[in-house]
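# Analysis of the macromolecular model
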Amino acid sequence: MTQVTTAPTLLDALEAEAIHIIREALGQLERPVMLFSGGKDSMLMLHLAAKAVWPAPVPFPLLHVDTGHNFPEVLDFRDRTAEKYGTEIVVARVQDYLDDGRLRERADGTRNPLQTLPLLDAIEEGRFDGVFGGGRRDEDKARAKERVVSLRSAFGEWDPKNQRPELWSMYNTRHRPGEHVRVFPLSNWTELDVWRYIAREGVDLPSLYYAHEREVFERDGMLLSPGPWTAPRPGETVGVRRVRYRTVGDMSCTGAVPSDAADVGAIVAEVAASTLTERGATRADDRLSEAAMEDRKKEGYF
Amino acid sequence: MTTTEGTQEAEAREIERLTESTTLLRIATAGSVDDGKSTLIGRLLHDTKSVMADQLAAVTEASRRRGWAGELADLALLTDGLRAEREQGITIDVAHRFFATPTRSFVLADTPGHVQYTRNMVTGASRADAVIVLVDARHGIVEQTRRHLAVSALLRVGHVVVAINKIDLVEEPEQVLESVERDLAALGDVLALPPTTAVPVSALHGDNVVLRSTRTPWYEGPTLLDLLEELPPLAHEADEFFRMPVQLVIRPQQGAVDPTMQDFRGFAGLVTAGAVEVGDPIEVAASGLRSEVTAIWQAGRPVLRAETGLSVTLELADEVDVSRGDLLGAAGTLPESGDEVRAVLCWLGGSPLVPGARVLIAHGTATAAAKVTSIDGRLDIASLTRTEADRAELNDLVEVTLRLARPLPLESYTTSREGGALVVIDPQDGTTLAAGMVDGTLGS
């Protein structure tokens, strides 16, 4: 009598969940916006949003916080993608804030922590009441504790001790004026799931994700690309290596990994066999302290 | 073709094969810090090789700093979350962990077991296919275990697994297992628990978690991971009727991504029960309007059939009036819509619930204003009996009667987990106040 029906496969289940979350946010919110860097997680999120409303067009603008240190090929990819999906892209520039003194450059030159203020200002200026983010719970200890729909105060703050219970598959996006919610459709995806799905769907990504020859130098076990913001220090030598990027953030703190994986199938195989987490391998800013991400999230970071 | 290419192709095929057959199981854990829950989860992650080298290095270093003298590292630190928790040595919120075997990926909601945080267990368990309840072998089933089992039973979690931890610390482990099994059988009758399996483990040493222990020759059952790998992923029954709460109406008009789709009109939602096929007669709850499914789009690709758990967009033969908040179901199977409902609430709000309170009720994608007309009883966790009550405090389980401002197509939670689930919301600030289960009772 109690015969069990076929369960969806892992990727179908994750796809269905992400689309359900995106549709709930669109059904409940007045003015959503999607954080979009051109990186793989934001690209996947946009791909899923397009499916959620197909054959209607993506019904919200994209928002990018440009640190001023982004890879030129990623910015180019970002703009081409917005055009392809027929949606507007709002760019908040950290450089503008540095130029007029609202923010000051950090001693270590890293600009990722500086993104929070321009992000919050852009949310306020756009009167956005919901912000889609590509964060995944497998990325970090603090993210592991965040709800799919996460309430933020008028100052963008996250209060981990006072989160709403998230029950069954019902998501509560209600908030008071001035507050907003962050919505994370990829919460339950792992890095490997993301790559398997990108392979299955043939999702376009910036070329940096695939193995290529690049001039790099080594610092703290990471391969950094020399540029105006990341000059090699004495003793650090620049050489050409075959590398790829696992995340494409700020050039000053995003490292490449040695790799021969030149296509998506090879990357799936590489990630499946990988023994280093994505952030630990490539993001200097997350290594700052044990609680680095927790502190930035509380202040309103992505 | 060279050998390397052949190997790579074989690898790619193997990955594809695994991806195609992998299923997802959502599990929740319940237990207190003292039961060794963090260590058990750390052990599951470590022994399924889901811990990356840099994470393990960080944990080994932290263990050494704190004077860890045991083998390996203090695996509980793998699940350490926020700074406040590290400082106080407690868990304050639900954390999500991921591990996988070749055939199954697991999303684990790690829920704190402190009495004051029952709200988090409800959060984790409402979504779970299975719950792992932790018991300390030295203490057996205690009041907190009963609370966790009662919540699991109330939420109708499909499977309950009891991990009897620290089995290496008791003199007569076989008797402990037998006595826990006896207690579970007795509780199962009172609580209407699903079939419950107990596994003796040592999270600290890894016995029977992922690897079979050589130190428990008297135990012939499965390891914890064996059990989790073999559980049926969804407790959905084949004879369930199709249900889909409508999330969005999709009408692209001039904006259509494909110019031939300008007249498209589809209803988007998640199939929460049963399955739907092209040609099926369907009905809209409340209005009773009927039509027929002419096309099913699963994430933008046409399919002939969609099962529970999939996000779809349906096209219908007629221009029926349907909008967000409506429920679609197989024709002739939808419940009567009612405006009075009896439900069990797990009260999660900071201030107490009293009769006369005005709230919002979310059901599927619909929301209705409601008034709590009476509080009819409360579950006493210690005795597992129903007592009189006129208010509900944080973490209380109470029976209430609600009057709705408009009728909703509510199903009994005892027959439909999605169709009988309610979320109670504060109409003023939007806070989530309670998890509700339609028609639930708290026993005699």
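What you see is a predicted model, and the numbers here were worked out from it, not measured in a lab. (Residues numbered from 1 in each chain as written. Chains lettered and ligands numbered in written order. Predicted model: local features only at pLDDT ≥ 70, side-chain atom pairs only at ≥ 80, totals over all residues. Heavy atoms only, no water.)

### Topic: the UniProt feature "domain: Phosphoadenosine phosphosulphate reductase" (unreviewed entry) in chain A
With numbering aligned to this structure, UniProt lists the feature "domain: Phosphoadenosine phosphosulphate reductase" (unreviewed entry) at residues 32–255 of chain A. With 24% helix and 19% strand, residues 32–255 of chain A has end C-alpha atoms that lie 32 Å from one another. (UniProt positions renumbered as here; feature names shortened; annotations may be inferred. Helix = DSSP H or I, 4+ residues; strand = E, 2+ residues; numbered from the N terminus.)

### As for the sheet that holds strand S4 (residues 130–132) of chain A
Residues and elements named next belong to chain A. One open sheet holds the 6 strands; their spatial order is S3-S2-S1-S4-S6-S5, and the pairing between them is mixed. Single-partner strands in this sheet number two, and they are strand S3 (89–93) and strand S5 (149–152). Each strand axis lies, on average, 30° off the axis of its neighbour in the sheet, ignoring direction. Of the strand pairs in this sheet, strand S2 (residues 62–66) and S3 are connected by 5 bridges, and their pairing is parallel. (Pairing = 2+ DSSP bridges. Axes fitted to C-alpha atoms, helices over the stretch in contact; angles between N-to-C directions.)

### Some details on empty space enclosed by the protein
On inspection of all chains with the given rule, the structure shows 5 cavities of 30 Å³ or more. In this structure, the second largest cavity spans a volume of roughly 240 Å³. Lining the second largest cavity we find 17 residues, and of these A:Arg137, A:Asn188, B:His96, B:Thr123 and B:Arg127 sit closest to its centre. Counting only elements with at least two residues in the lining of the second largest cavity, the list comes to strand S1 (23–30), strand S3 (104–110) and helix H5 (118–126) of chain B. (1 Å grid on protein atoms, 1.4 Å probe; cavity = no way out; pocket = protein on both sides within 12 Å on 5 of 7 lines; lining within 4 Å. Points joined across faces, edges and corners; volume = space filled by probe spheres on them.)

### Focus on the pattern of salt bridges
The tally for this structure, following the rule as stated, stands at 45 salt bridges over all chains. Among the ionic pairs, A:Lys84 bridges to A:Asp204, the shortest N-O distance being 3.9 Å. Note that A:Lys84 is positioned in helix H3 (residues 72–84) and A:Asp204 in the loop between helix H6 (191–201) and strand S7 (212–219), a separation of 120 residues in sequence. A salt bridge links B:Arg305 to B:Glu277; its shortest N-O distance comes to 2.6 Å. A residue pair is termed long-range when its members are at least 10 positions apart, and B:Arg305 in strand S13 (residues 305–307) and B:Glu277 in strand S9 (residues 275–277) qualify at 28 residues. Overall, the relative accessible area of 39% leaves B:Arg305 in the partly exposed class. Look at B:Glu277 and you get partly exposed, because its relative accessible area is 33%. Ionic contacts of the salt-bridge type, sharing partners, join the residues A:Asp12, A:Glu15, A:Lys51, A:Arg200, A:Glu201 and B:Arg301 into one network. (Salt bridge = Lys/Arg side-chain N within 4 Å of Asp/Glu carboxyl O. Buried < 20%, exposed > 50% of the residue type's maximum accessible area, 1.4 Å probe, protein only.)

### Examining the packing of helix H1 (residues 10–28) of chain A against helix H2 (residues 40–53) of chain A
Residues and elements named next belong to chain A. Remark: H1 packs on H2, axes separated minimally by 9 Å, with the N-to-C direction vectors making an angle of 70°. The pairing of H1 with H2 is recorded here as roughly perpendicular in orientation. Between H1 and H2, the contacting residues are Glu-15, Ala-18, Ile-19, Ile-22, Arg-23 and Leu-26 on the first element and Met-45, Leu-48, Ala-49, Lys-51, Ala-52 and Val-53 on the second. Of the residues in the contact of H1 with H2, the class split is 9 nonpolar, no polar and 3 charged. (Parallel < 35°, antiparallel > 145°, perpendicular 65-115°, else oblique. Contact = heavy atoms within 4.5 Å. Nonpolar A, V, L, I, M, F, W, Y, C, P; charged D, E, K, R; others polar.)

### Re the sheet that holds S1(B)
Residues and elements named next belong to chain B. One open sheet holds the 6 strands; their spatial order is S2-S3-S1-S4-S5-S6, and the pairing between them is mixed. The sheet terminates laterally at strand S2 (95–100) and strand S6 (196–200), the two strands that pair on one side only. Across this sheet, the average inter-strand angle for adjacent strands is 25°, counted without regard to direction. Alignment of strand S4 (residues 130–136) against strand S5 (residues 159–165), held across 7 bridges, turns out to be parallel. Looking at S5, one finds that Asp-136 is bridged to Asn-165.

### So, the domain arrangement of chain A
Residues and elements named next belong to chain A. Taken domain by domain, chain A comprises domain 1 (10–192 + 291–299) and domain 2 (204–287). With 27 residues of domain 1 in contact, the opposing surface of domain 2 contributes 23 residues. When the area that domain 1 buries against domain 2 is broken down by residue, the three leading residues are His-69, Phe-71 and Glu-191, summing to 30%. Scanning the region where domain 1 abuts domain 2 turns up 3 salt bridges. Here Arg-214 and Glu-73 are joined by a salt bridge, their closest N and O atoms 3.3 Å apart. (Domains from an automatic or database assignment. Buried area = accessible area lost by both parts, 1.4 Å probe.)

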